[in-house]
Amino acid sequence: RYLRHRRSLAEPVLAQLAEDDPDVPGADDERHDDEEAEVEKPISLDRRRREAVVAAVVAAGATRVLDLGCGEGRLIEALLAQPSVVRVTGVDVSPRVLERAAARLRLDRLPERRRDRVALVQGGLTYRDARFAGFDAATLVEVVEHLDPPRVAALEQLLKHLTEELSGWRR
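Student: Could you clarify how one ought to interpret the environment of Leu79 in this entry?
Tutor: When you line up the elements, Leu79 lands in helix H4 (residues 74–80). For Leu79, a relative accessible area of 0% translates into the label buried. On a C-alpha basis, the gap between Leu79 and Val54 in space is 6.1 Å, while along the polypeptide they are 25 residues apart. Ignoring any residue separated from it by four or fewer positions in sequence, one finds Leu79 in contact with Val54, Val57, Val65, Val85, Val88 and Arg117.

Student: How should I be thinking about the sheet that holds strand S1 (residues 64–68) in this particular structure?
Tutor: In a beta sheet, neighbouring strands pair by backbone hydrogen bonds and run either parallel or antiparallel. Strand order in this open sheet of four strands is S3-S2-S1-S4, and the pairing throughout is parallel. One side of each edge strand has no neighbouring strand; the edge strands of this open sheet are strand S3 (118–122) and strand S4 (137–140). With direction set aside, neighbouring strand axes in the sheet form an average angle of 20°.

Criteria and cut-off values
- Residues numbered from 1 in each chain as written.
- Predicted model: local features only at pLDDT ≥ 70, side-chain atom pairs only at ≥ 80, totals over all residues.
- Heavy atoms only, no water.
- Helix = DSSP H or I, 4+ residues; strand = E, 2+ residues; numbered from the N terminus.
- Buried < 20%, exposed > 50% of the residue type's maximum accessible area, 1.4 Å probe, protein only.
- Contact = heavy atoms within 4.5 Å.
- Pairing = 2+ DSSP bridges.
- Axes fitted to C-alpha atoms, helices over the stretch in contact; angles between N-to-C directions.

Keep in mind these numbers describe shape, not what the thing actually does.
Structure (structure tokens):
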């Protein structure tokens, strides 16, 4: 094991052993081990959370998704990869963050058909907004911790209102 990470010492010995016995593992096996280690890297909690949300949206049969507090658009990007999702609208309070989301999503370079599936809008999450109507699902991922405690109750009211609208879609 020690020599495995000291290639300068291990490679000549493995090469010499391989000449004598073709079944001795060589440098190819070491490269395979490195590739396997890369594949087995732990997936970040953020990515697992995003994948779980996408799976829930798809399982619900939602085709039009409202991403509240979209940030830089990572969830939007994952939702757009799903053919069943035909429209994603990201909402964030910060115009600067929405600019970064547009850059991440490469909205200026997307083909028109794919670009038409995305909208980024500036808005607050503590007020009802007519632009939040007409969606099959709404997501709110890693947002609550960014709100001032007095605003959490207002967000709760908005979510109750949206839930009532979305419940009508599920019937």
